[in-house]
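# Chains, contacts and geometry: an overview
Spelled out from the first residue to the last, the chains are:
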Protein chains: 2
Amino acid sequence: MATLVLGLDEVRQIVHRAGIHNVVDRLVERLHGAFESLDSKRVIVPARKGFDYEFPLPGMVEWMPLMHRGKSILLKTVGYHPHNPAQGNLPTVLSSLTRYDAATGGLVALVDGTFLTVLRTAAASVVASRLLAAPQSSTLGLIGCGAQAVSQAHVLCRAFPIKEIEFVDTDAAAVASFASRMAPLLGSHVLLRSASLAEVVSRADILCTATSIGVGQGPLFDQLPHQAHLHINAIGSDFPGKTELPLELLEQAYVCPDFPCQAVSEGECQQLEPNQIGLDLPTLAAEVARGGVEAGHLHERLTVFDSTGFALEDDVVMTLFLELAEKFQIGQVKVIESHSTDPKDPYQFLWSRRGAQGAKNHVVQETER
Amino acid sequence: MATLVLGLDEVRQIVHRAGIHNVVDRLVERLHGAFESLDSKRVIVPARKGFDYEFPLPGMVEWMPLMHRGKSILLKTVGYHPHNPAQGNLPTVLSSLTRYDAATGGLVALVDGTFLTVLRTAAASVVASRLLAAPQSSTLGLIGCGAQAVSQAHVLCRAFPIKEIEFVDTDAAAVASFASRMAPLLGSHVLLRSASLAEVVSRADILCTATSIGVGQGPLFDQLPHQAHLHINAIGSDFPGKTELPLELLEQAYVCPDFPCQAVSEGECQQLEPNQIGLDLPTLAAEVARGGVEAGHLHERLTVFDSTGFALEDDVVMTLFLELAEKFQIGQVKVIESHSTDPKDPYQFLWSRRGAQGAKNHVVQETER
């Protein structure tokens, strides 16, 4: 039972070969299709569970399972540690993805989940924005200029005719470095402008909130003027008690959660009654595709995508990277799970030469550009 | 955030360096100590969850979490697929172990869980048998001669003065090959004898049941004569509806589960009322250590260890292998979780040379003997 391992090195090689824009464009299409065709009898997604704690520093480690009935099982583990950037120069979110063969239970692949989470979260916002935002949206607002803002801006600029990005953060260093972080990802026709919170909210056609605001410290703003057709991708609310948007705004909006059972305990939907919550993203995508919902009405009104993270998104991005790895012959194949040629003798691999050969760690190919 | 990877190759090297007997002896001592000192306020072990299914073949994939508060998180994934040996020449149980730093959420280590599960399951039986079986036990009975039987017999023979192993299996091939599988592990003073089920049960001082009997197909035997002091390690019952022992026997026995909340839904304890279940193994070990329970009485009577698998055991065996890996400088260090030197720029590792260096996959040392 060999395991394909795609770590930082292999992810970088894959992106170099395929091109970052191509990767995110394909991811958006795949994800949109996966939402439209999601069959909850075939794809089983239990709510995530985890440990959260205050010591040694506030954080949590969670696991998010998904089963394609009869095919494969995904287990994503994800840590959220808001002190990581300051303490260890690490991202707030660290993650890894493992996939198991449903026929044998064997570990088929281990793939970086940190960069892939960034990409899939942005891609989910694009799918939601296609369904909920005005198609001619040209001004993107960002509250929070951290890691998530970079990918949200990158991918949204590919799907909408964005001409201007207005951004704000309580951290002046994040504001100061934002344009340089965006530089490799945007064409020169996109203007980047630091602005006040009120300006960002009032001018945006599409707004993304992605902050590390503390539990119970929300909302990010009280009532502020905004465009009638404003669409908000609410990214940062993903923990009990952590919310970013004012209740009054949510109550006026059409709110679409990614994964309702999770959104009501961790997302903006914590603030809402069940009858104030709209269709979830997979259902909305399917309804729009079959003509059951007329998206035009949604484009004209205030809408919120409540993004808490959904294992289906991780499954789609993992599949894409595994396919690209195969295409480019990138990746390291390693036997993680010890086993013997005689399944009745758990020790045999210790003595056998055949066992030793089976264990030989070989690299399919590692190209470096 | 680098991850230490110990797969089949590294596990074999570690066992070669340390010696298999030394590894299991140390594991038994560590595990006994861990049970005695388990503090449920510091070590949090939620019940395992998972997917079980009948298609493409019957099986399940489960995850077993554990947190050392303030230190680390373990996530064990384990598959149980009884058709693996016949279909794919793979063991019934395949598993991997991942550990996360509670301070950052980073993936610290990925270690084979297949061989380590075999060892820790056997070591747990030894701890239970020390507490529950007659110290002078000289006849070991085995019902089921598969993979688990090999390790149970190996480790129990190191802890008790076993002179004779009597074994039985419905699979004649398993019976025929058992002695040769045991040969590298036992001294010549231990006699191995294939016997009838009734002989095995009637003659054993310690009995291990480890079969793949189907759900609802138990028990393995009805009432059979047995020694008054018989101790049974019930290994195979670990699935809803799967049990191996007759209710009448259980009702006469002192039954000690490894992890009560799991044993009542997956173990022999499924058959019992709460008041028919004795202390769990950690509590029993702690009570015997502090003199609160007099073990002598238990040694003289019918006792059953209901082993369903407990993540604490996985945590202990993983720690032992990580320590041995460090001691012998064995293991592969790899950056799985992509991250940038600027935590606010998730794409930076794609472009930076520093990122490329950080990603360089290097082998600490890979010795081969």
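Here, the structure is the one placed above.
In this report, we go over the structure that sits alongside the text. For clarity, every value in this text was computed on a predicted model and none was experimentally measured. (Residues numbered from 1 in each chain as written. Chains lettered and ligands numbered in written order. Predicted model: local features only at pLDDT ≥ 70, side-chain atom pairs only at ≥ 80, totals over all residues. Heavy atoms only, no water.)

When you go through chain A residue by residue, the secondary structure sums to 14 helices and 16 strands. Radius of gyration (C-alpha) of chain A: 22 Å, near the 21 Å computed for a compact globule of 369 residues. Taking the principal axes of the C-alpha coordinates as reference, chain A spans close to 75 × 45 × 45 Å. A buried classification covers 60% of the 369 residues belonging to chain A. Within chain A, counting contacts between residues at least 6 apart in sequence, those at least 24 apart form 73% of the total. Here chain A displays about 13100 Å² of accessible surface, and carbon together with sulfur accounts for 52% of that area. Distance from the positive charge centre (29 side chains) to the negative charge centre (41 side chains) of chain A: 10 Å. (Helix = DSSP H or I, 4+ residues; strand = E, 2+ residues; numbered from the N terminus. Rg over C-alpha atoms; globule rule 2.2 N^0.38 Å. Buried < 20%, exposed > 50% of the residue type's maximum accessible area, 1.4 Å probe, protein only. Contact = heavy atoms within 4.5 Å. Areas by Shrake-Rupley, 256 points an atom, 1.4 Å probe, with all protein chains shown as cover. Lys, Arg positive; Asp, Glu negative; His and termini not counted. Charge placed at Lys NZ, Arg CZ, Asp CG, Glu CD.)

Another point: the interface of chain A and chain B. Of the residues lining the interface, 87 residues belong to chain A; the matching set on chain B comes to 88 residues. Roughly 7600 Å² of surface becomes buried between chain A and chain B when both sides are summed, with 68% attributable to carbon and sulfur atoms. Broken down residue by residue, the surface that chain A buries against chain B is led by L8(A), K344(A) and Y347(A), which jointly contribute 10%. Counting across the interface, chain A meets chain B through 4 salt bridges. The shortest N-O distance in the salt bridge between K344(A) and D171(B) comes to 3.2 Å. Broken down by element, the side of chain A that touches chain B gets its largest block of residues, 7 residues, from helix α1 (residues 8-18) of chain A. Within the side of chain A that touches chain B, the residues separate by chemical class into 50 nonpolar, 23 polar and 14 charged. (Buried area = accessible area lost by both parts, 1.4 Å probe. Salt bridge = Lys/Arg side-chain N within 4 Å of Asp/Glu carboxyl O. Nonpolar A, V, L, I, M, F, W, Y, C, P; charged D, E, K, R; others polar.)

When chain A is brought onto chain B, the operation consists of a screw motion whose angular component is 180° and whose axial shift is 0.0 Å, with 0.0 Å RMSD remaining. The symmetry that links the two subunits is that of a two-fold axis. Of every C-alpha in chain A, the one belonging to W63(A) sits nearest the axis of rotation, 4.5 Å from it. Comparing contact sets, 100% of the residues at the interface of chain A also lie at the interface in chain B, consistent with an isologous, same-surface contact. (Least-squares fit on C-alpha atoms with pLDDT ≥ 70 in both.)

As a further point, take the packing of helix α2 (residues 20-36) of chain A against helix α5 (residues 147-159) of chain A. Residues and elements named next belong to chain A. The geometry of α2 relative to α5 is characterised by a closest axis approach of 10 Å and an angle of 75° between their N-to-C directions. In terms of axis orientation, α2 runs roughly perpendicular to α5. Along the contact surface, α2 presents I20, H21, V24, D25 and V28, while α5 presents H154, V155 and R158. The residue inventory of the contact of α2 with α5, partitioned by class, reads 4 nonpolar, 2 polar and 2 charged. (Axes fitted to C-alpha atoms, helices over the stretch in contact; angles between N-to-C directions. Parallel < 35°, antiparallel > 145°, perpendicular 65-115°, else oblique.)

On to unusual backbone geometry, then. Of note, the amide linkage connecting F55(B) to P56(B) takes the cis form, showing an omega dihedral of 5°. In this structure, P56(B) sits in the loop between β3 (49-53) and β4 (59-68). Phi angles above zero are rare outside glycine, and N89(A) is one such case at about 55°. For N89(A), the position within the fold is in the loop between α3 (84-88) and β6 (93-101). With a phi close to 55°, Q329(A) is a non-glycine residue in the positive phi region. Among the structural elements, Q329(A) can be located in the loop between α12 (311-328) and β15 (331-334).

Residue and element names in this part refer to chain B. All told, the structure shown has 0 disulfides over all chains when counted by the stated rule. Of the cysteine sulfurs around C145, a residue in no disulfide, the closest is that of C208, at 11 Å. Not engaged in a disulfide, the cysteine C208 finds its nearest cysteine sulfur in C157; these two sulfurs lie 9.7 Å apart. For C208, a relative accessible area of 2% translates into the label buried. (Disulfide = S-S within 2.5 Å.)

Residues and elements named next belong to chain B. With respect to topology, 7 strands assemble into an open sheet ordered β10-β9-β8-β11-β12-β14-β13, the strand pairing being parallel. Edge positions in the sheet fall to β10 (191-194) and β13 (254-257), since each has one partner strand and no second. On average, each strand axis in the sheet is tilted by 20° relative to the strand beside it, whichever way the strands run. Each of β8 (139-143), β9 (164-168), β11 (206-209) and β12 (231-234) touches helix α5 (residues 147-159); the most contacted strand, β8, lies at about 170° to it. (Pairing = 2+ DSSP bridges.)

Residues and elements named next belong to chain A. Of all 10 residues in strand β4 (residues 59-68), 9 are buried; the element is thus mostly enclosed. From the end of strand β3 (residues 49-53) to the start of β4, which pair antiparallel, there are 5 residues. Two elements, β4 and strand β5 (residues 72-80), share 9 bridges in a ladder whose sense is antiparallel. Bridge pairing in β5 places E62 opposite V78. Counting the residues in the hairpin turn of β4 and β5 gives 3 residues, including G70, whose phi is positive at 80°.

Residue and element names in this part refer to chain A. Taken as a whole and assessed by the stated rule, the structure comprises 39 salt bridges over all chains. D39 is the salt-bridge partner of R42, the closest N and O atoms lying 3.9 Å from each other. Note on D39: relative accessible area 32%, which makes it partly exposed. Here E166 and R203 are joined by a salt bridge, their closest N and O atoms 2.7 Å apart. Here the residue E166 occupies a position in strand β9 (residues 164-168), and R203 occupies one in helix α7 (residues 197-203), the gap between them amounting to 37 residues. Since its relative accessible area comes to 0%, E166 is described here as buried. Among the ionic contacts, a cluster of salt bridges with common partners joins E164, E166, R193, E199 and R203.

All names here are of chain B. A large share of strand β5 (residues 72-80) lies buried, amounting to 9 of its 9 residues. Going residue by residue along β5, you find S72, L74, K76, V78 and Y80 tucked away on one face and I73, L75, T77 and G79 tucked away on the opposite face as well. The sheet contact formed by β5 and strand β6 (residues 93-101) spans 9 bridges and is antiparallel. Within the sheet, the bridge partner assigned to Y80 lies in β6 and is V93.

A few words on the nonpolar core. Grouped burial of nonpolar side chains is what soluble globular proteins tend to show. Judged by nonpolar contacts, the single largest core of 84 residues is most densely connected at I165(B), F178(B) and F321(B). Sequence-distant contacts of F321(B), that is, excluding residues within four places in its chain, are made with L6(B), V11(B), I14(B), V15(B), V23(B), L116(B) and L119(B). Counting residues in each nonpolar core, the second largest holds 82 residues, with V23(A), V24(A), L31(A) and I165(A) among its members. (Core = buried A, V, L, I, M, F, W, Y, C linked by side-chain atoms within 4.5 Å.)

As enumerated under the stated definition, the model contains 14 aromatic pairs over all chains in all. When the centroid spacing of 5.5 Å and the interplanar angle of 85° are considered together, the rings of F115(A) and Y347(B) count as edge-to-face. Separated into two different chains, F115(A) in helix α4 (residues 114-132) and Y347(B) in the loop between β15 (331-334) and α13 (348-351) make up a pair that spans both. Neither residue differs from the other here; F115(A) and Y347(B) are each classed as buried. (Phe/Tyr/Trp six-rings, centres within 6.5 Å; stacked < 30°, edge-to-face > 60°.)

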